[in-house]
Amino acid sequence: MTDGLPEMTSLERTALYKSLGNPLRRRILDYLGRHGEANSTVLARELGESSGTTSYHLRRLAEQRLIEEVPEKSGGRERWWRALPFRHTTPDPATMTPEEYAAAAQLAHLKIEFDTALYRRAHLEYRGPEGWAQVQRHGTWMTREELLAFMRDYHALLERYGHPREEAPQEARPVLMRFYAVPEPVGEWNGEPTGP
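Not measured: the values here are computed from a predicted model. (Residues numbered from 1 in each chain as written. Predicted model: local features only at pLDDT ≥ 70, side-chain atom pairs only at ≥ 80, totals over all residues. Heavy atoms only, no water.)

Asker: Looking at this structure, I do not really get the overall build of the protein chain. What am I missing?
Answerer: Helix and strand counts for the protein chain come out as six helices and five strands. When the helices and strands of the protein chain are placed in sequence order, the string is α-α-β-α-α-β-β-α-α-β-β. Classification of the 196 residues of the protein chain by burial places 22% in the buried group. Excluding contacts between residues fewer than 6 apart, the proportion of contacts in the protein chain whose partners are at least 24 apart in sequence is 54%. Here the protein chain displays about 14700 Å² of accessible surface, and carbon together with sulfur accounts for 55% of that area. Here the protein chain contributes 26 positively and 29 negatively charged side chains, and the mean placements of these two sets differ by 7 Å. (Helix = DSSP H or I, 4+ residues; strand = E, 2+ residues; numbered from the N terminus. Buried < 20%, exposed > 50% of the residue type's maximum accessible area, 1.4 Å probe, protein only. Contact = heavy atoms within 4.5 Å. Areas by Shrake-Rupley, 256 points an atom, 1.4 Å probe, with all protein chains shown as cover. Lys, Arg positive; Asp, Glu negative; His and termini not counted. Charge placed at Lys NZ, Arg CZ, Asp CG, Glu CD.)

Encoded structure:
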């Protein structure tokens with residue numbers, strides 16, 4: 001699901017995963033997320049690309065509703081862009097077409113590499129329970145319904161405490177958060193099967 005957007009088709013999701021897996025488009029989205037707005041010339045200079053190349057990728061990102069033009073700053077051939085709020089939940093792999101699944105799997109591998117580096121960084125930068133870097137690991141017992149309710153509450157907490165970039169307090173910093181919930185592997189626990 002995407003917040004505030006109609007449900008995507010398999011073809012649209014495939015294009016989205018391919019787009020998010022493109023290294024330059026990821027760098028453009030990262031830059032816009034950190035700096036708010038940019039045009040193709042600024043991005044070309046900052047990312048070491050030609051303005052024609054960044055302009056092309058900006059248009060593709062706009063077609064997928066990942067960024068939008070900033071009308072009050074754009075004029076003539078100069079177009080400024082900003083990132084749009086976006087959240088997407090990948091559907092059940094069993095419902096995907098082979099092409100969609102391959103694109104989603106490729107994107108997942110890229111994310112795993114990034115998230116592994118982020119996990120290591122969180123440990124290196126940890127300065128205690130009152131610091132900016134936080135590392136938590138927990139285990140508990142839950143039913144599937146309880147886990148899904150927990151996920152809804154987790155999203156509500158992000159909405160409650162997080163801010164869009166333009167509304168963030170001056171002392172706020174961008175914070176990268178990851179959450180994983182995985183049941184114990186299928187096997188036996190006290191004579192009972194575990195997992196699905």
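After that view, the rundown keeps rolling.
Asker: Honestly, the nonpolar core in this entry has me stumped. Any pointers?
Answerer: Counting residues in each nonpolar core, the largest one holds 24 residues, and the members touching the most others are Tyr 17, Ile 28, Leu 43, Leu 58 and Ile 67. For this core, the secondary structure elements donating two or more residues are helix 1 (10–21), helix 2 (23–35), helix 3 (40–47), helix 4 (51–63), strand 3 (80–83) and helix 5 (98–125). Ranked by residue count, the leading element in this core is helix 2, at five residues. Apart from residues lying up to four places away in sequence, Leu 58 is in contact with Ile 28, Leu 32, Asn 39, Ser 40, Leu 43, Ile 67 and Trp 81. (Core = buried A, V, L, I, M, F, W, Y, C linked by side-chain atoms within 4.5 Å.)

Asker: Explain the packing of helix 3 against helix 4 to me, please; I cannot follow it from the model alone.
Answerer: Relative orientation of the contacting elements helix 3 and helix 4 amounts to 115°, with a least axis distance of 8 Å. Our pair here, helix 3 against helix 4, has a crossing hand that is right-handed. Here helix 3 contributes Ser 40, Thr 41, Leu 43 and Ala 44 to the contact with helix 4, which in turn contributes Ser 51, Thr 54, Ser 55 and Leu 58. Here the contact of helix 3 with helix 4 is built from residues that sort into three nonpolar, five polar and no charged. (Axes fitted to C-alpha atoms, helices over the stretch in contact; angles between N-to-C directions. Left-handed = near helix turned anticlockwise from the far one by under 90°. Nonpolar A, V, L, I, M, F, W, Y, C, P; charged D, E, K, R; others polar.)

Asker: When you look at helix 5 in this model, what are you seeing that I'm missing?
Answerer: Along an α-helix, residues three or four apart share an orientation, since each turn contains 3.6 residues. With 28 residues, helix 5 should cover 40 Å at 1.5 Å per step; its first-to-last C-alpha distance of 40 Å lies within 8% of that length. Where the residues of helix 5 are buried, they touch helix 1 and helix 2. (Expected span 1.5 Å × (residues − 1).)

Asker: Just checking my understanding: could you explain the side chain of Asp 115 for this structure?
Answerer: Along the chain, Asp 115 falls in helix 5. Accessibility expressed as a relative area gives 15% for Asp 115, which makes it buried. A distance of 2.7 Å separates polar atoms of two side chains, one belonging to Asp 115 and the other to Arg 178. Apart from the residues lying within four places of it in its own chain, the contact partners of Asp 115 are Arg 178 and Tyr 180. (Polar contact = N/O pair within 3.5 Å; in protein donor to acceptor, adjacent residues only side chain to side chain.)

Asker: Got a minute to help me understand the packing of helix 1 against helix 5 in this structure?
Answerer: Two numbers describe a pair of packed helices, the interaxial angle and the distance between the axes. It is the contact of helix 1 with helix 5, at a shortest axis distance of 8 Å, that shows an interaxial angle of 30°. Between helix 1 and helix 5, the angle falls in the class roughly parallel. In the packing of helix 1 onto helix 5, the handedness of the crossing is left-handed. Across the interface between the two elements, Ser 10, Arg 13, Thr 14, Tyr 17, Lys 18, Leu 20 and Gly 21 of helix 1 pack against Glu 99, Glu 100, Ala 103, Ala 104, Leu 107 and Leu 110 of helix 5. Along the lines of polarity and charge, the residues of the contact of helix 1 with helix 5 split into six nonpolar, three polar and four charged. (Parallel < 35°, antiparallel > 145°, perpendicular 65-115°, else oblique.)

Asker: Can you help me understand the confidence of the model for the protein chain in this one?
Answerer: Caution is warranted with low-pLDDT regions, since their predicted coordinates should not be read in detail. For the protein chain, the average pLDDT comes to 88, and 91% of its residues sit at 70 or higher. Contacts of residues 1–5 to residues separated by more than four positions or lying in other chains number ten contacts, the stretch itself having pLDDT below 50. (pLDDT = per-residue confidence, 0-100.)

Asker: Explanation requested: the environment of Phe 150 in the structure shown.
Answerer: Mapped onto the secondary structure, Phe 150 falls in helix 6 (residues 144–161). Non-local contacts of Phe 150, meaning those with residues more than four positions away in its chain, are made with Met 142 and Phe 179.

Asker: Where do I start with the pairing of strand 3 in this structure?
Answerer: Taken residue by residue, a regular strand's side chains alternate between the two faces of the sheet. Bridge analysis of strand 1 (residues 37–39) against strand 3 gives three bridges, and the strand direction is antiparallel. Within the sheet, the bridge partner assigned to Glu 37 lies in strand 3 and is Arg 82. Strand direction decides the pairing type here: strand 2 (residues 67–69) and strand 3, joined by three bridges, are antiparallel. Bridging across to strand 3, Glu 68 finds its partner in Arg 82. (Pairing = 2+ DSSP bridges.)

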